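# Structural overview for review
Here are the chains, one letter per residue:
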Amino acid sequence: MRADIVDTAVNAGQFDTLVAAVQAAGLVDTLKSDGPFTVFAPLDSAFAGLPHGEVQRLLLPENRHELVDILTYHVVPGAITSDQLSGQILAVETVEGSTVLIDATDGVRVGNAQVVQADIRTSNGVIHVVDRVIIPTAN
């Protein structure tokens, strides 16, 4: 049996910042639930690309709401694979509540991020690895 989204991210070893953020935001149980979810998972290097001190600021308890908004902006309801997106440009509603633009006409871009590894299947959805943290435009 496949691991769930959280355990898959933990075991991958390249999502330590994402896992810490999911824990700080209190989203572990949600991302371990049945789903299915599609997660655009930023690599540790993507978080490192944020302004200096930004990750530490977001992990503070008083910024939990903002952290939840950013993390849930990386999650789409349903299990969406790259072949379902191929050749399309779509505005997709995120769990955060706003839409993100997915452009799959030349590779796959989600907002300003490039999907660098697609279709990691888990027991409760699909993970697509992205090279940047996607910030909701409302923030």
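Right above here is the structure, for reference.
In this text the structure is predicted, and so the values were computed from the model without any measurement. (Residues numbered from 1 in each chain as written. Predicted model: local features only at pLDDT ≥ 70, side-chain atom pairs only at ≥ 80, totals over all residues. Heavy atoms only, no water.)

## What to know about the overall build of the protein
Assigned secondary structure in the protein consists of seven helices and seven strands. Taken from the N to the C terminus, the helices and strands of the protein come in the order α-α-α-β-α-α-α-β-α-β-β-β-β-β. Projecting the C-alpha coordinates of the protein onto the three principal axes gives extents of approximately 40 × 35 × 25 Å. When the 139 residues of the protein are sorted by exposure, 42% land in the buried category. For the protein, long-range pairs separated by at least 24 residues make up 60% of all intrachain contacts whose partners lie at least 6 apart in sequence. Of the roughly 7,000 Å² of accessible surface on the protein, 51% is carried by carbon and sulfur atoms. (Helix = DSSP H or I, 4+ residues; strand = E, 2+ residues; numbered from the N terminus. Buried < 20%, exposed > 50% of the residue type's maximum accessible area, 1.4 Å probe, protein only. Contact = heavy atoms within 4.5 Å. Areas by Shrake-Rupley, 256 points an atom, 1.4 Å probe, with all protein chains shown as cover.)

## Focus on the packing of helix H2 (residues 16-25) against helix H6 (residues 64-72)
Following both chains from N to C, one finds H2 and H6 inclined at 125°, their axes separated by 9 Å at the closest point. Taken together, the axes of H2 and H6 are oblique relative to one another. Where H2 crosses over H6, the two elements pack in a sense that is left-handed. Across the interface between the two elements, Leu-18, Ala-21, Val-22, Ala-24 and Ala-25 of H2 pack against Arg-64, Leu-67, Val-68 and Leu-71 of H6. Residue classes in the contact of H2 with H6 are distributed as eight nonpolar, no polar and one charged. (Axes fitted to C-alpha atoms, helices over the stretch in contact; angles between N-to-C directions. Parallel < 35°, antiparallel > 145°, perpendicular 65-115°, else oblique. Left-handed = near helix turned anticlockwise from the far one by under 90°. Nonpolar A, V, L, I, M, F, W, Y, C, P; charged D, E, K, R; others polar.)

## A closer look at the environment of Lys-32
For Lys-32, the location among the structural elements is in helix H3 (residues 28-32). With 59 residues separating them along the chain, Lys-32 and Ala-91 place their C-alpha atoms 26 Å apart. Excluding its chain neighbours within four sequence positions, the residues that come into contact with Lys-32 are Asp-4, Val-6, Asp-7 and Asn-124. Among the polar contacts listed, one links the side chain of Lys-32 to the side chain of Asp-7, at a separation of 3.0 Å. (Polar contact = N/O pair within 3.5 Å; in protein donor to acceptor, adjacent residues only side chain to side chain.)

## Quick notes on empty space enclosed by the protein
Scanning the entire structure with this criterion turns up one cavity of 30 Å³ or more. As for the largest cavity, its lining consists of Thr-17, Ala-21, Phe-47, Val-55, Leu-58, Leu-59, Leu-67 and Ile-70. Sorting the residues of the lining of the largest cavity by element identifies H2, helix H5 (54-58) and H6 as the ones contributing at least two each. Residue classes in the lining of the largest cavity are distributed as seven nonpolar, one polar and no charged. (1 Å grid on protein atoms, 1.4 Å probe; cavity = no way out; pocket = protein on both sides within 12 Å on 5 of 7 lines; lining within 4 Å. Points joined across faces, edges and corners; volume = space filled by probe spheres on them.)

## Digging into the pairing of strand S4 (residues 99-103)
Two faces belong to every sheet, and in a regular strand the side chains alternate between them. The side-chain alternation of S4 yields one buried face, formed by Val-100 and Ile-102, and one unburied face, formed by Thr-99, Leu-101 and Asp-103. Alignment of strand S3 (residues 89-93) against S4, held across five bridges, turns out to be antiparallel. Paired with Leu-90 across the bridge in S4 is Ile-102. Bridge count for S4 against strand S5 (residues 109-110) is two bridges, and the pairing is antiparallel. Within S5, the position partnered with Ile-102 by the bridge is Val-110. Connecting S4 to the next strand, S5, in antiparallel fashion are five residues, including Gly-107 with a positive phi near 75°. (Pairing = 2+ DSSP bridges.)

## Concerning the pairing of strand S1 (residues 37-42)
Along S1, six of the six residues are buried, which leaves the element largely enclosed by surrounding structure. Note that S1 and strand S7 (residues 125-130) share six bridges and pair parallel. Across the sheet, the residue bridging to Pro-42 is Val-130, located in S7.

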